[in-house]
Amino acid sequence: MSLASHTTPLLSRIISSSVAAANQAGIIIRDIMKKGELGIVQKESARDLQTEADRAAQRCIITSLNKHFPKMTIIGEEGEVESSLASGQVFDTSTHTPINVTCPPTLTSLSEEEVVVWVDPLDGTAEYTQGLLDHVTVLIGIASGGKAIGGVIHQPYYNYQNPGSALGRTVWGVVGGEVGGMAMVKPPPGKLIVTTTRSHSSSTVNDAITSVSPTEVLRVGGAGHKVMLLLEGRAHVYIFASPGCKKWDTCAPQAILEAAGGVLTDIKGIPIPYHATAPHRNSTGVLATAKGQDHGTFVDKIPSHVKDNLKA
Ligand SMILES: Nc1ncnc2c1ncn2[C@@H]1O[C@H](COP(=O)(O)O)[C@@H](O)[C@H]1OP(=O)(O)O
Ligand SMILES: [Mg+2]
Ligand SMILES: [Mg+2]
Ligand SMILES: [Mg+2]
């Protein structure tokens, strides 16, 4: 079925277009790194940076999705200014081979007006500027009725340390449907591997981790990257008991993780809302578990002082 065909459900067409746009954003991210002119500016704090790659990738994704789906609400991390192009050059996703995305029956009658898209053009900016390139992802999360329903995670540097292998990969998923672009693996039994932040740590972040008695802790960058570790079976649980993550960090990873049988909530086990007027900040943290883990058990183990410290 062609992407242009309007007999293809809207959600399937949005995912297919988002895969193409995320791949193009990945090319932009790699090109800017190759040229070495990162154009770093500080946002809210010294740990909150933006580069030319964040800005250019956002312009590519948002102008492109806007052209194809003009009635959707699209919210990007880098704000309104980076959502429009002066040059008039818009990336046309319909020139790319569409991917076939099966849409569950409950989501086939969505209209564009009901869809909210959360775009993180470059997740793991701190790590990108430090050369930890495999921590970087491009995240496009699709929400409706306040819930994450679909997502795309692109890893522009997947395989970059394996010369000769194809560089980059894109994973997508639909809640209640399927995951495409990777083979999922269950994390190893008899261990408890926790993944968490490497660049935004704090005493409450560490208290939360200690409370679940991990056998190993992987401190890596990016929300997208950490959820990929859950999908790849390299970690059992992702714990971030801090308010720094935003809706564009969690929407796409949550949708893909849930499509794969996992769970992502705030640190108290409460669902994260994704409607257009939801606050951008996930002020009550993030807790995500791979398929087969008991999410509630982890929620129960997080100490009350950590939960009380994170106010909505
Ligand atoms: N304090 C913070 N300020 C800004 N962004 C944050 C903060 N904490 C987390 N984030 C965002 O959440 C992602 C995951 O966090 P961490 O790597 O610390 O676990 C970061 O890569 C960053 O996204 P981004 O790189 O897109 O700005
Ligand atoms: Mg950022
Ligand atoms: Mg991010
Ligand atoms: Mg970002």
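All figures in this text were calculated on a predicted structure; none of them were measured in a lab. (Residues numbered from 1 in each chain as written. Chains lettered and ligands numbered in written order. Predicted model: local features only at pLDDT ≥ 70, side-chain atom pairs only at ≥ 80, totals over all residues. Heavy atoms only, no water.)

Caption draft 1: The pattern of salt bridges, seen in detail. Applying the stated criterion across every chain yields a total of nine salt bridges. Two residues, Lys 43 and Glu 77, come together in a salt bridge whose shortest N-O distance is 3.0 Å. On the criterion of sequence distance, the pair formed by Lys 43 in the loop between β1 (41–42) and β2 (49–50) and Glu 77 in the loop between β3 (73–76) and β4 (115–123) is long-range, its members being 34 residues apart. Residue Lys 43 is classed as partly exposed on the basis of its relative accessible area, which comes to 30%. Residue Glu 77 is classed as buried on the basis of its relative accessible area, which comes to 18%. (Salt bridge = Lys/Arg side-chain N within 4 Å of Asp/Glu carboxyl O. Helix = DSSP H or I, 4+ residues; strand = E, 2+ residues; numbered from the N terminus. Buried < 20%, exposed > 50% of the residue type's maximum accessible area, 1.4 Å probe, protein only.)

Caption draft 2: Here's a closer look at the UniProt feature "binding site: Mg(2+)" (unreviewed entry) in the chain. Sequence positions flagged by UniProt for "binding site: Mg(2+)" (unreviewed entry) are, in local numbering, Glu 77, Asp 120, Leu 122, Asp 123 and Asp 249. Sequence-wise these annotated residues cover 173 residues; spatially they are packed, their C-alpha atoms never more than 9.6 Å apart. Of the annotated set named above, Glu 77, Asp 120, Leu 122, Asp 123 and Asp 249 line the largest pocket. Excluding residues within four positions of it along the chain, Glu 77 makes contact with Lys 43, Gln 58, Val 119, Asp 120, Pro 121, Leu 122 and Trp 248. With respect to the element layout, Leu 122 can be found in strand β4. Those residues in contact with Leu 122 that sit more than four places away from it in its chain are Ile 29, Thr 51, Ala 53, Asp 54, Glu 77, Tyr 128, Val 136 and Thr 137. (UniProt positions renumbered as here; feature names shortened; annotations may be inferred. 1 Å grid on protein atoms, 1.4 Å probe; cavity = no way out; pocket = protein on both sides within 12 Å on 5 of 7 lines; lining within 4 Å. Contact = heavy atoms within 4.5 Å.)

Caption draft 3: The arrangement of the site of ligand 1 in detail. In the neighbourhood of ligand 1, 18 residues make up the surrounding shell, with Gly 124, Thr 197, His 200, Gly 222 and Lys 226 lying closest. At 3.0 Å, a side-chain N or O of Glu 77 approaches an oxygen atom of ligand 1. Here ligand 1 has 530 Å² of accessible area as a free molecule, and 92% of this is covered by the chains. With respect to the detected pockets, ligand 1 is housed in the largest pocket. Residue assignment for the shell around ligand 1 shows that the elements contributing at least two residues are β4 and α5 (223–231). Sort the elements by how many residues they give to the shell around ligand 1 and β4 lands first, with three residues. (Near = heavy atom within 4 Å. Polar contact = N/O pair within 3.5 Å; in protein donor to acceptor, adjacent residues only side chain to side chain. Areas by Shrake-Rupley, 256 points an atom, 1.4 Å probe, with all protein chains shown as cover. Sits in = over half its atoms within 2 Å of the grid points.)

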